[in-house]
Amino acid sequence: KQVEYEMVEIGLYGSGGKPSWFLDMNPKGQVPVLKHGEKIVVESDEIIKYIDQNLGKQLELKARDDAVEDWLTLLRKELQPKGKAV
């Protein structure tokens, strides 16, 4: 979709813990988090759906929805860290 973004890296571990501004956005302290204006979206699946539905050029194709679901399935089955429940 070629959407411009700014990535902010935070220290997830170590002294001091996660920054308070980050925990204000996501009290669970999990990554990733998407902030779009005042909208906060957490969980990878929800972020992908949000970007697809709200950002960049919208395609009027049913195949787009199928492609998003295929990508989410790949994330859940192949790319998700071992030992983390879905």
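Enquirer: What should I look at first to understand the layout of surface pockets in this one?
Expert: Leftover empty space is mapped by rolling, across the atoms, a probe with the size of a water molecule. Taken as a whole, the largest pocket spans an internal volume of roughly 810 Å³. Along the walls of the largest pocket sit 21 residues, with E6, M7, V33, L34 and K35 positioned nearest its centre. Contributing elements (two or more residues each) for the lining of the largest pocket: helix 1 (20–25), strand 1 (33–36) and helix 2 (44–54). The dominant element in the lining of the largest pocket, judged by the number of residues it contributes, is strand 1, at four residues. Taken together, the residues of the lining of the largest pocket sort by class into 16 nonpolar, one polar and four charged.

Enquirer: Help me understand the pairing of strand 1, please; the structure alone is not making it clear to me.
Expert: If a strand is regular, its side chains alternate between the two faces of the sheet. Note that strand 1 and strand 2 (residues 39–42) share four bridges and pair antiparallel. When the bridges of strand 2 are listed, L34 appears paired with V41. Taking the residues between adjacent antiparallel strands as the criterion, strand 1 and strand 2 are bridged by two residues, where G37 takes a positive phi near 65°.

Enquirer: Any chance you could explain the packing of aromatic side chains here in plain terms?
Expert: Between two aromatic rings, the relevant description is the distance of the centres plus the angle of the planes. Under the counting rule described, the total for this entry stands at one aromatic pair. An angle of 85° between the planes, with centres 6.2 Å apart, marks the rings of W21 and F22 as edge-to-face. Since its relative accessible area comes to 4%, F22 is described here as buried.

Thresholds, definitions, all that
- Residues numbered from 1 in each chain as written.
- Predicted model: local features only at pLDDT ≥ 70, side-chain atom pairs only at ≥ 80, totals over all residues.
- Heavy atoms only, no water.
- 1 Å grid on protein atoms, 1.4 Å probe; cavity = no way out; pocket = protein on both sides within 12 Å on 5 of 7 lines; lining within 4 Å.
- Points joined across faces, edges and corners; volume = space filled by probe spheres on them.
- Helix = DSSP H or I, 4+ residues; strand = E, 2+ residues; numbered from the N terminus.
- Nonpolar A, V, L, I, M, F, W, Y, C, P; charged D, E, K, R; others polar.
- Pairing = 2+ DSSP bridges.
- Phe/Tyr/Trp six-rings, centres within 6.5 Å; stacked < 30°, edge-to-face > 60°.
- Buried < 20%, exposed > 50% of the residue type's maximum accessible area, 1.4 Å probe, protein only.

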